[in-house]
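Coordinate analysis (summary)
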Amino acid sequence: MTTEKWSDWSCAVAVTAVSDHDLEPAVAIVRSVMAEVEIAASRFRDDSDLSRINAQAGRYVTVRPMTVELVELALDAARRTGGRVTPTVGAALLAQGYDDDIDVVRARSAAPAEPAPVPAADDAVRVDPALGRVGVAAGTVLDLGALAKAYAVDEAIARIAGRGLDPVLVSIGGDLAVHGEQSWQISVSETADAPAQLVTLDEGALATSSILGRRWGQDRHHIIDPGTGAGAAGGRWRTATVWAPTTVEANLLSTWALVDADGLTRSLVVDPCPARMVTAGGVVTTLHGWPAEAMESAS
């Protein structure tokens, strides 16, 4: 078993292959997928499809098929969660100062910030899949960051599987998925230096969302509560890790937990997925079959 690690998108990226000879092609696939996703969905590249959509608000913009797929996935998430997980939080993120790479944002002196309104996705976003076009209403700024990261993991795993490689694990910023018949030991924690729980992953994906990790200034972070237009705060959970068949699904559920704990709870009653939650006070709670052994306080 061998691993290659690097940093991209302000994230730790890791690819682990059971067979040494599969590492190089697996890494090449992950790098290629990340490059494609970046030119489709980066807020920080002026030439990305997403930036062109935002810059031409009020008009349709011709985009790549991948961008259409990402926006449609984001709209589906908004409908499913009643607008609690929505791609229309871009203006709110900008108002909080998240307008560049996170390391650049953290290096600044944080100016006072006011919440920004978050428009309803169905009202503010239009997709024309037949002609490959996306448009947003004037004043709307799309953000696909968390979804794009999860999508990149799933797309890389799909391409790795298509190559017939031996078992591989792909992780981007803590969102991860596996390919092949193999048991993987995964360390789950809120942040890189927090107490961790070791769990076994045989299939599917894990995603972690937290208000603790990607922070800058006082009480500012990347998870926006659409109800307030500011960073999610005061909810039941400060961190959520969820297992699901795909990384996109796991990421949706973990984000939903932080902005609408009751809504996620109702969803998991209908379609249970194992989850590990951490309260504002640092108490770990497990749900729907998540292994309970070796739990530690995260305070």
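Residues numbered from 1 in each chain as written. Predicted model: local features only at pLDDT ≥ 70, side-chain atom pairs only at ≥ 80, totals over all residues. Heavy atoms only, no water.

1. Let's talk about the side chain of His 179
On the secondary structure map, His 179 appears in strand 7 (residues 175-179). His 179 gets classed as buried once you look at its relative accessible area, which sits at 15%. The contact partners of His 179, leaving out residues within four places of it in the chain, are Ile 157, Ile 160, Ala 161, Leu 165, Asp 166, Pro 167 and Val 168. (Helix = DSSP H or I, 4+ residues; strand = E, 2+ residues; numbered from the N terminus. Buried < 20%, exposed > 50% of the residue type's maximum accessible area, 1.4 Å probe, protein only. Contact = heavy atoms within 4.5 Å.)

2. Examining the pairing of strand 1 (residues 2-8)
As judged from the seven bridges shared by strand 1 and strand 2 (residues 11-17), these two strands associate in the antiparallel manner. Its bridge partner being in strand 2, Ser 7 is matched across the sheet by Ala 12. (Pairing = 2+ DSSP bridges.)

3. Remarks on the packing of helix 1 (residues 20-41) against helix 3 (residues 65-80)
In a packed pair of helices, the relevant descriptors are the angle between the two axes and the axis-to-axis distance. The N-to-C vectors of helix 1 and helix 3 enclose an angle of 70°; their axes lie 9 Å apart at closest approach. By the criterion of interaxial angle, the relationship of helix 1 to helix 3 is roughly perpendicular. Residues Glu 36, Val 37, Ala 40 and Ala 41 of helix 1 pack against Met 66, Thr 67 and Leu 70 of helix 3. Looking at the contact of helix 1 with helix 3, its residues break down into five nonpolar, one polar and one charged. (Axes fitted to C-alpha atoms, helices over the stretch in contact; angles between N-to-C directions. Parallel < 35°, antiparallel > 145°, perpendicular 65-115°, else oblique. Nonpolar A, V, L, I, M, F, W, Y, C, P; charged D, E, K, R; others polar.)

4. Structural notes on the pairing of strand 10 (residues 205-210)
In terms of residue burial, strand 10 counts as a mostly covered element, since five of its six residues are buried. Sheet topology places strand 7 next to strand 10; two bridges connect them, and they run antiparallel. By the bridge assignment, Leu 176 is partnered in strand 10 with Leu 206.

5. Re the confidence of the model for the protein
Parts of the prediction with low pLDDT should not have their coordinates interpreted in detail. Mean pLDDT for the protein: 92, with 92% of residues reaching 70 or above. pLDDT under 50 marks residues 295-299. Its contacts with residues more than four places away, or in other chains, come to 16 contacts. (pLDDT = per-residue confidence, 0-100.)

6. Overview of the sheet that holds strand 4 (residues 125-128)
Read across the sheet, three strands follow the order 3-5-4 without closing on themselves; strand pairing throughout is antiparallel. Strand pairing shows two members of the sheet lacking a second neighbour, strand 3 (60-62) and strand 4, which therefore form its edges. Taking the axes of each pair of neighbouring strands and ignoring which way they run, one obtains an average angle of 25° across the sheet. Sheet topology places strand 4 next to strand 5 (residues 133-136); four bridges connect them, and they run antiparallel. Residue pairing in the sheet places Val 127 in a bridge with Val 134 of strand 5.

7. A short note on the sheet that holds strand 6 (residues 168-172)
Taken together, eight strands build an open sheet; the order of strands is 1-2-6-7-10-15-16-17 and the sheet is antiparallel. Every other strand in the sheet has two partners, leaving strand 1 and strand 17 (284-287) as the edge strands with one partner each. Here the strands of the sheet are splayed against their neighbours by 10° on average, with no regard to which way each runs. Pairing of strand 16 (residues 275-279) with strand 17, which is carried by four bridges, proceeds in the antiparallel orientation. From the neighbouring strand, Met 277 faces strand 17, where its bridge partner is Thr 285. Contacts from helix 1 reach strand 1, strand 2 and strand 6 within the one sheet, and its direction differs from that of strand 1 by about 20°. Sheet strands touched by helix 7 (residues 145-162): strand 2, strand 6 and strand 7. Its angle to strand 7, the strand with the most contacts, is close to 15°.

8. A few points about the side chain of Thr 241
Residue placement: Thr 241 occurs in strand 15 (residues 237-244). At 2.8 Å, the side chain of Thr 241 forms a polar contact with the side chain of Thr 208. Ignoring any residue separated from it by four or fewer positions in sequence, one finds Thr 241 in contact with Val 188, Ala 207, Thr 208, Pro 274, Ala 275, Arg 276 and Trp 290. (Polar contact = N/O pair within 3.5 Å; in protein donor to acceptor, adjacent residues only side chain to side chain.)

9. Let's talk about the nonpolar core
Generally speaking, a soluble globular protein has its nonpolar side chains buried in company with each other. By size, the foremost hydrophobic cluster in this structure holds 49 residues, and its most contacted members are Val 15, Val 30, Leu 70, Leu 144, Val 170 and Ile 172. Those elements that place two or more of their residues in this core are strand 2, helix 1, helix 2 (49-55), helix 3, helix 6 (121-124), strand 5, helix 7 and strand 6. With ten residues, helix 1 is the largest single contributor of residues to this core. Discounting residues that sit within four places of it in the chain, Ile 172 has contacts with Trp 9, Cys 11, Ala 12, Val 13, Met 34, Lys 149, Ala 152 and Val 153. If you look at the next biggest cluster of nonpolar residues, it comprises 23 residues, including Ala 240, Leu 253, Cys 273 and Met 277. (Core = buried A, V, L, I, M, F, W, Y, C linked by side-chain atoms within 4.5 Å.)

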